[in-house]
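The primary structure of each chain is shown beneath.
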Amino acid sequence: MATISQEERGTWNSKLGFVLAASGSAIGLGNIVFFASNAYQYGGGAFYLPYFVALFALGIPVMIVEFGLGASTRRALPQALSAVAGKRGEFVGWWSLSCALLITMYYIAILGWALGMMVGALGGLFEPGATAPFAPFLEPSAGVSSTVYFFDLIATYWPMLAVLVIWALNGMILIKGTATIEKAVRIFVPLMWLFMIGLIVLALTRDGGLDGVLYLFTPDFAGVSDPAVWKGAFAQMFFSLSLGLGTMTAYASYLPKRSDVVNNSLLVSFMNCGFEFLAGVAIFGLLFAFALNPVGGTLSLSFFVIPQGIAEFGALAKVLGFAFFFLMVVAGLTSSISLIEGPAAALRDKLGISRAAALAIVFVPGALGSLAYTLPTIVDPGLAANGTLGLSLLDMMDHWVFNYSLLTVGFLEVIFVGWVLGASKLRRAVNLHTRIPLGPWFDVVLKYVAPGLLGFVLIWSLIQEFGGGLYAAGNPLGGFDWLPVAVPLFWLIFTLGGAAYLTYGRPTPPPPSPFDTMSDDVSAL
Ligand code: PFF
């Protein structure tokens, strides 16, 4: 099987290009909407301690692992893990990427809705009188109602067109690999920061806006003994930093040989968390200024609660609403390209196929999946749960993939690198080219702290899961009451079957391990 040379794989043109691409991947819907809604759900200041533990004990170390694997092996995740832990490593790599594909499908569906709302901002979103074909909304709303507008939108076929537009934009950015990705992130990432700063200024100049910031920043340690808060913080951190889904390893595999992995990991992590806090300030500012309550979860925050706050800006609402959804679309786009690049890079490394062919293998099922998540069939007219078939599917799949795949992959990565390879080998490889050398404490984090924390929350989640009955089993689902069983089964069969087929059905030799060939003077580091 033809292996692809590094020249054909591509290399970032500059350090800035890589940092922008990796931070573009990290900064996305997770920062703009999921962080604020998690922070609110887990009690504002109570979220802090778990969040910072998640950043320093898990986020940064796992990012060093994922960057280090990619930069040292110059392969995407399955091949990089195969160099470290053989076939079982490759299997976990493919499992992670199959889960990434499932997440990409609904991530892009959400972007499709955001695109629909962005267009709507210029049309009827901020005008009174919206109706939706759901029982609670049959009467036209007297004032502006973003909730009614959103449910009207997702009950039509328009979002299907919008997801195809988002997939097409992804295709245009990905077609030439690092060259086109770099061009796109050079425009989009600065734009994201600019829009976010604009949003903050607006939120904080409203009466009451500062109270929201105080709520977010006043530490409160009451929730610290609740494992749910820790689990929430860990999952948020992994998702926000784009860890556990093969993305960061694929991006780092395009780094020049002598790149500083530690420095890059710190830069990307701090930029991501900095953006996340700015987004938190803007959103909490808006919520408190307009006494809005972000109950109901992450999607309701971005699609009903924030637009409802924006509507209060009167004449400015259209422009501001357009800007908010534009920000969501741009930030999401620079994340979705990385979600697609992970599996595409791995397929190229494995099968020796062209970039266009690898992208086609990801795009066809990916776009079909996104279409499924935007199915407008109304299954729950009383809106007791999720309303449409697409939204119900999304909610169920997100529950399983989001809660279990990222943290499980992270756990297995630190076990493979910490114990099978030996943490000190990765540390030495990374220390070869860094201005911030890692001390032996890093080995302790990889071998004990990170697997201990991740193992604890994973076991705790499983116990909760099975103690509480099957997720979504009681939801009204029209004639589709079999879905709560079918969705987790599909998740397991698709991801485990796909990983088994690619690992064992198409065996390839592992790439040479760069960690075994280091000269003696390196081990002195
Ligand atoms: N980090 C992205 C966000 O915060 O929205 C989402 C994401 C992208 C997660 C890529 C995982 C990934 F591999």
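Each remark here, short or long, concerns the structure printed above.
Residues numbered from 1 in each chain as written. Predicted model: local features only at pLDDT ≥ 70, side-chain atom pairs only at ≥ 80, totals over all residues. Heavy atoms only, no water.

(A) Inspection of the overall build of the protein at higher detail. The number of helices and strands found in the protein is 19 helices and zero strands. Its C-alpha atoms give the protein a radius of gyration of 22 Å, near enough to 24 Å, the size a compact globule of 525 residues would have. Dimensions of the protein, computed from C-alpha atoms along their principal axes, come out at roughly 75 × 50 × 45 Å. Across the 525 residues that make up the protein, the buried fraction comes to 61%. The long-range share in the protein, meaning contacts at least 24 apart out of those at least 6 apart in sequence, stands at 81%. Total accessible area on the protein stands at roughly 18,900 Å², and carbon and sulfur atoms take up 69% of it. (Helix = DSSP H or I, 4+ residues; strand = E, 2+ residues; numbered from the N terminus. Rg over C-alpha atoms; globule rule 2.2 N^0.38 Å. Buried < 20%, exposed > 50% of the residue type's maximum accessible area, 1.4 Å probe, protein only. Contact = heavy atoms within 4.5 Å. Areas by Shrake-Rupley, 256 points an atom, 1.4 Å probe, with all protein chains shown as cover.)

(B) View of the site of the ligand. Lining the immediate environment of the ligand, one finds 15 residues, of which Ala26, Gly30, Tyr107, Phe239 and Thr247 sit closest. A distance of 2.9 Å is found between an oxygen atom of the ligand and a backbone nitrogen or oxygen belonging to leucine 29. Between the ligand and serine 240 there is a distance of 3.1 Å, counted from a nitrogen atom to a backbone nitrogen or oxygen. Here the ligand loses 100% of its free accessible area of 340 Å² to cover by the protein chains. Given that more than half its atoms are within 2 Å of the pocket grid, the ligand belongs to the largest cavity. Among the elements of the structure, helix H2 (15-26), helix H3 (29-41), helix H10 (227-240) and helix H14 (317-351) are those that each provide at least two residues to the shell around the ligand. Here the residues of the shell around the ligand sort into six nonpolar, nine polar and no charged. (Near = heavy atom within 4 Å. Polar contact = N/O pair within 3.5 Å; in protein donor to acceptor, adjacent residues only side chain to side chain. 1 Å grid on protein atoms, 1.4 Å probe; cavity = no way out; pocket = protein on both sides within 12 Å on 5 of 7 lines; lining within 4 Å. Sits in = over half its atoms within 2 Å of the grid points. Nonpolar A, V, L, I, M, F, W, Y, C, P; charged D, E, K, R; others polar.)

(C) Inspection of helix H9 (residues 209-217) at higher detail. Taken together, the buried positions of H9 are occupied by Gly209, Gly212, Val213 and Leu216. All buried residues of H9 fall inside an arc of 100° around its axis, so they share one side. Within H9, the exposed residues directed more than 90 degrees away from the buried face are Leu210 and Leu214. In this structure, the buried side of H9 is in contact with H3, helix H4 (48-73), helix H8 (178-204) and helix H12 (261-289). (Arc of directions from axis to C-beta.)

(D) The side chain of arginine 355, seen in detail. Along the chain, arginine 355 turns up in helix H15 (residues 355-373). The exposure class assigned to arginine 355 is buried, which follows from its relative accessible area of 11%. Contacts of arginine 355, omitting those with residues within four sequence positions, involve Leu174, Ile175, Lys176, Gly177, Tyr254, Glu341 and Arg348.

(E) Expanded view of the packing of H14 against H15. For the pair H14 and H15, the least separation of the axes is 9 Å and the interaxial angle reads 125°. As judged from the angle between their axes, H14 and H15 are oblique. Between H14 and H15 lies a crossing of right-handed hand. The residues of H15 that touch H14, namely those facing Ile340, Glu341, Pro343, Ala344, Leu347 and Arg348, are Arg355, Ala358, Leu359, Ile361, Val362 and Phe363. (Axes fitted to C-alpha atoms, helices over the stretch in contact; angles between N-to-C directions. Parallel < 35°, antiparallel > 145°, perpendicular 65-115°, else oblique. Left-handed = near helix turned anticlockwise from the far one by under 90°.)

(F) Looking closely at the packing of aromatic side chains. Summed over all chains, the structure comprises 49 aromatic pairs. Note on phenylalanine 150 and phenylalanine 303: the rings are 4.7 Å apart at their centroids and 15° apart in plane angle, and the pair reads as stacked. Here the residue phenylalanine 150 occupies a position in helix H6 (residues 146-154), and phenylalanine 303 occupies one in helix H13 (residues 298-311), the gap between them amounting to 153 residues. Phenylalanine 150 sits in the buried class, given a relative accessible area of 2%. Aromatic rings pair up to connect Trp113, Phe134, Phe137, Phe150, Phe151, Phe303, Phe304, Phe324 and Phe325 into one cluster. (Phe/Tyr/Trp six-rings, centres within 6.5 Å; stacked < 30°, edge-to-face > 60°.)

(G) Region of the structure containing the nonpolar core. Ile32, Phe67, Trp113, Phe151, Phe303, Phe325 and Trp491 are the most contacted members of the largest nonpolar core, which totals 190 residues. Here the element with the most residues in this core is helix H5 (residues 77-122); it accounts for 27 residues. Apart from the residues within four sequence positions on either side, phenylalanine 303 is in contact with Ile110, Trp113, Ala114, Met117, Ser146, Phe150, Phe325 and Met328. (Core = buried A, V, L, I, M, F, W, Y, C linked by side-chain atoms within 4.5 Å.)

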